[in-house]
2 protein chains.
Amino acid sequence: MAYTDALQSLKALLATIRDLKAANDVLSWDQQTYMPAGGINTRAEQMATVSRLIHERATSAELGALLDRLDGQLDSETDDGALVRIARRDFEHDTKLSADLVERLSRATALADAVWVQARLTSDWSLFAPHLRTIVELQREMAEQYGYTTHPFDALINVDEPGTTKAQIEQMYRELKVGTLPLMKAIRQQQDDDRTRPLHGQFDEARQEQFGMEVIKRFGFDWNRGRQDRAVHPFCTNFSMNDVRLTTRFDPTWLAPAMFGTMHEAGHGMYEQGVAQRFTRSPLAAGCSMGIHESQSRLWENLVGRSRPFWEFFYAPLQNLFPEQLQSVDLDTFYRAINSVQPSLIRVEADELTYNLHTLLRFEVELGLLEGTLKVEEVPALWNAKVAEYLGITPPNDTLGALQDVHWSAGLFAYFPTYTVGNVLAVQFFDAAVAASPAIPDEMRQGEFGTLHGWLNENIYQHGRKYDPNDLVQRATGRPMDTAPYISYLKTKYGALYKL
Amino acid sequence: MAYTDALQSLKALLATIRDLKAANDVLSWDQQTYMPAGGINTRAEQMATVSRLIHERATSAELGALLDRLDGQLDSETDDGALVRIARRDFEHDTKLSADLVERLSRATALADAVWVQARLTSDWSLFAPHLRTIVELQREMAEQYGYTTHPFDALINVDEPGTTKAQIEQMYRELKVGTLPLMKAIRQQQDDDRTRPLHGQFDEARQEQFGMEVIKRFGFDWNRGRQDRAVHPFCTNFSMNDVRLTTRFDPTWLAPAMFGTMHEAGHGMYEQGVAQRFTRSPLAAGCSMGIHESQSRLWENLVGRSRPFWEFFYAPLQNLFPEQLQSVDLDTFYRAINSVQPSLIRVEADELTYNLHTLLRFEVELGLLEGTLKVEEVPALWNAKVAEYLGITPPNDTLGALQDVHWSAGLFAYFPTYTVGNVLAVQFFDAAVAASPAIPDEMRQGEFGTLHGWLNENIYQHGRKYDPNDLVQRATGRPMDTAPYISYLKTKYGALYKL
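Computed from a predicted model, the values in this text were never measured in an experiment.

Here is what the cut-offs are and how they apply
- Residues numbered from 1 in each chain as written.
- Chains lettered and ligands numbered in written order.
- Predicted model: local features only at pLDDT ≥ 70, side-chain atom pairs only at ≥ 80, totals over all residues.
- Heavy atoms only, no water.
- Least-squares fit on C-alpha atoms with pLDDT ≥ 70 in both.
- Contact = heavy atoms within 4.5 Å.
- Helix = DSSP H or I, 4+ residues; strand = E, 2+ residues; numbered from the N terminus.
- Buried < 20%, exposed > 50% of the residue type's maximum accessible area, 1.4 Å probe, protein only.
- Axes fitted to C-alpha atoms, helices over the stretch in contact; angles between N-to-C directions.
- Left-handed = near helix turned anticlockwise from the far one by under 90°.
- Nonpolar A, V, L, I, M, F, W, Y, C, P; charged D, E, K, R; others polar.
- Salt bridge = Lys/Arg side-chain N within 4 Å of Asp/Glu carboxyl O.
- Buried area = accessible area lost by both parts, 1.4 Å probe.
- Polar contact = N/O pair within 3.5 Å; in protein donor to acceptor, adjacent residues only side chain to side chain.

Draft legend 1. The relation of the copies chain B and chain A, seen in detail. Under the fitted operation, chain B is carried onto chain A by 0.0 Å of movement along the axis and a turn of 180°, and the coordinates agree to an RMSD of 0.0 Å. Both copies of the chain, as the preceding transformation shows, are related through a two-fold rotation axis. Closest to the rotation axis within chain B is the C-alpha of B:Ala23, separated from it by 3.4 Å. Here 100% of the contact residues of chain B are again contact residues in chain A; the copies associate through an equivalent surface.

Encoded structure:
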């Protein structure tokens, strides 16, 4: 077959796979937003059928033969070259695992998830432990099948962060510990009042929603190519760069979750909306990696949404929406409230400073489990000891401790560090944008975000999966991932907030 | 292959097809309810891909071989026997048309639909005419490929009403004309006031919605297995009997459309919800035919929703929702308003009495086109002449005349009569239910519908597609379709309303 014909056949096959994935994503989005409760069983069958058809094509001999025909034929800098490279990586990823392992993993996680829900309700680790033991075994098998030279973690993190290793993650955490633990200790010694009080009270949901939608419209979220719905567990999904769905959840007694949640999901969403249109229906039409994706949500949530320049513009409109609650709260008090540092038992509620300790502790637990040096039944004790060591607080039960996250029951190992990669990269990208356009903070004070959005679009969004994560970071910022700007940002921001 | 193995393979293949159809229906529902405008192109690609995969399976040699193996092996009264029979019919339907014709029809209707929208805006039949000419040619080809002995219409109506013929439809219309034209003439001579005035004014949409949802909950619509959303063109769809979606549209200045629209769509919806659970993921899990389906929506909309017993219970709650608008309107005046007979140019707004004249005129036009005795460019003149003859009014333009319906541009020929079949059967079924349980009207006066819903469930809903339409009518009512009860119903109801 001429290589041009092979390329065309490859694109057609990949487009079919992409269309089926989009269909499955619509089924999943609908399940989490509008599906009546009674629909659950047949929806599960529908998604299983579509998943099976995707898997058949994604691992087909036809796809393998086309990739073999095209290997080395195209300049890797071109779109087509990148397409073949990424398609090859996906194919190897999908075919490396034996069908038997995939099936056992699917069954084990389905069972584990149901038991985890129950264990979490009753705070009973012993219920969940045997299931986690099975899943850890399966993770080790996965690592063997994927292959690695140094550590099984390398094989697993490569799924979400291609090109990243355990050693790099350890280095990142070492630097963060050295850089931020003294800061946290100094803050903890202050023992001041609960700064978050202005965020609690009665806040009408419709007004919260109105505010969030207005904010992300100004960020540059395109409402013609996206929408926002409500879901129990907020998420962002997309069915093309022209159909991006955000979801959020409102707490009528607490202003923070929906407000920052909307900005966070919009960060994911603007990334997907920004992927170049020419990548439509191809595997390049998606974010580069989990860490890069998270950097985009954290950038808009924290670097923008928790910044003082942002609130110099947006605080008056927010006060106007909630005059009774906020008229007597001045801007500085509000700014301190949304940036209060408080050790928290729950990762998803953690502040910017303590957040990474949550992912670090999970990373350390996972290493022990994968290496076999930590037994599943020892996890809660180790967990609690680490929470006490890192955060100075003690979980009263496992529901607020080792049972809080869904990831392990879902078979997601080597995933938590990508959240911290996202935090680190958010600052590195933001700094690069401001270095290129120093007016960005002033624009933020005017409620304008066009320059920042444009820089992200140019340097990150449009490329989709064309470059590997390390390559993308290098191209966008001129150097590899670097924790120094992040540590510097935290020291400056929280030093000022806590007068250190 | 042992026939039991063949049966199992057949069921698995049909379940896959059913799952893919459900996925496509979710994509379509989403497109019409929540999809952002920008998503249209990629959604079209996604649906085309899923449709292609459905078609591949539905016409596959594998399916044909399984059906050949199973033919005559199973008692046709059993579920499995019915499954094989219906699957055979679907397979022959899907394979009889050449791929070439399907493709030409798809292209022609896509083009015709866009032109029809434009022609309707500008009331320009000449724009649409060449496209309709192509579609008529394709309909004739379709009829040839499906095959028929007497008339091409027989082949086409068989798609939606298996076992029905042109001759039966003609007989039905003849009886309706004889039975109802004198009644209409007598009403038209009364020339009284506009009885519909109480339905016009300002009616808050949220309260309209609240009322509709409460009504259909009492009908027996299961909100745990269904929901209601808004769409430009109201419809009902389902992805299983446990996930049924209604859509509606509100007019804030006119009470009737959403109220009766909700009851109408709920009639379709309760039918789908009532199909036996054991038919899940099989081709038996759907309504029996278009006419039977329409009978269920019309039964709840007209026989219940436009009846006096219904309003003896529901009028007070409606007045409470709209006290300003309705407090000075008594029950009889309201009842007259919702049952006002007024010749209308628009079929979908027609009253019960004149509605069938709209479908009759389209039926007659279609026969002329299919037989070649009517030229496409002559349609508007014939249309207007028939509207004048049947309804005594004259369309001022083709937008309100021959261009009003979407069906022809969508390639739906031999479809309009199924609406009238639905009207006729609605009364036949309702009468049979009341004959079995004479307390039904009294229950309606109490806002209770359990006996009626139970009868429909027992005699119609649960069977899905197990029986052919004529067979189902015979089983449920003890005789074939019969216009006499319908004519009698109209004479009694409108005779009283107009004191004739």
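Draft legend 2. Region of interest: the environment of A:Arg174. Residues and elements named next belong to chain A. With respect to the helices and strands, the residue Arg174 is situated in helix 8 (residues 166-188). Residue Arg174 is classed as partly exposed on the basis of its relative accessible area of 48%. In this structure, the C-alpha to C-alpha distance between Arg174 and Leu360, residues 186 residues apart in sequence, is 9.8 Å.

Draft legend 3. Region of the structure containing the packing of helix 15 (residues 355-371) of chain B against helix 16 (residues 379-391) of chain B. Residue and element names in this part refer to chain B. It is at 10 Å that the axes of helix 15 and helix 16 come closest, and there the two elements cross at 145°. Remark: the crossing between helix 15 and helix 16 carries right-handed chirality. Contacts from Leu357, His358, Leu360, Leu361, Arg362, Glu364, Val365 and Leu369 of helix 15 reach helix 16 at Val379, Leu382, Trp383, Lys386, Val387, Tyr390 and Leu391. Its residues assigned to classes, the contact of helix 15 with helix 16 shows 11 nonpolar, one polar and three charged.

Draft legend 4. Seen up close, the pattern of salt bridges. Overall, the coordinates contain 80 salt bridges over all chains when judged by the stated rule. Residues B:Lys386 and B:Glu364 are paired through a salt bridge, measuring 2.8 Å at the closest nitrogen-oxygen approach. Remark: B:Glu364 occurs in helix 15 and B:Lys386 occurs in helix 16; sequence separation between them is 22 residues. Under the relative-accessibility criterion, B:Lys386 is labelled buried at 14%. Of the residues examined, B:Glu364 reaches a relative accessible area of 21% and is grouped as partly exposed. A single network of salt bridges, built from pairs that share partners, joins A:Arg308, A:Glu312, A:Asp332, A:Asp442 and A:Arg445.

Draft legend 5. Quick look at the interface of chain B and chain A. Each side of the interface is counted separately: chain B has 36 residues, and chain A has 36 residues. For the pair chain B and chain A, the summed buried surface comes to about 2900 Å²; carbon and sulfur atoms form 59% of the total. Of all residues in chain B, the largest losses of buried area upon contact with chain A belong to B:Tyr34, B:Pro36 and B:Gln46, amounting jointly to 18% of the total for that side. At the junction of chain B and chain A, the tally comes to six salt bridges. A:Asp243 is paired through a salt bridge with B:Arg43; the nearest N and O atoms lie 3.5 Å apart. Summed over the shared surface of chain B and chain A, the result is 20 residue pairs in polar contact (both at pLDDT 80 or more). Every element with two or more residues in the side of chain B that touches chain A is listed here: helix 1 (3-33), helix 2 (40-58), strand 1 (226-230), strand 2 (236-240) and strand 3 (243-248) of chain B.

Draft legend 6. Examining unusual backbone geometry more closely. The phi angle at A:Ser123 is positive, at roughly 55°, despite the residue not being glycine. With respect to the element layout, A:Ser123 can be found in the loop between helix 5 (99-122) and helix 6 (125-146). In this model, B:Arg281 sits at a positive phi of 60°, which is unusual for a non-glycine residue. Along the chain, B:Arg281 turns up in the loop between helix 10 (256-274) and helix 11 (290-304). Assessed through its relative accessible area of 24%, B:Arg281 is described here as partly exposed.

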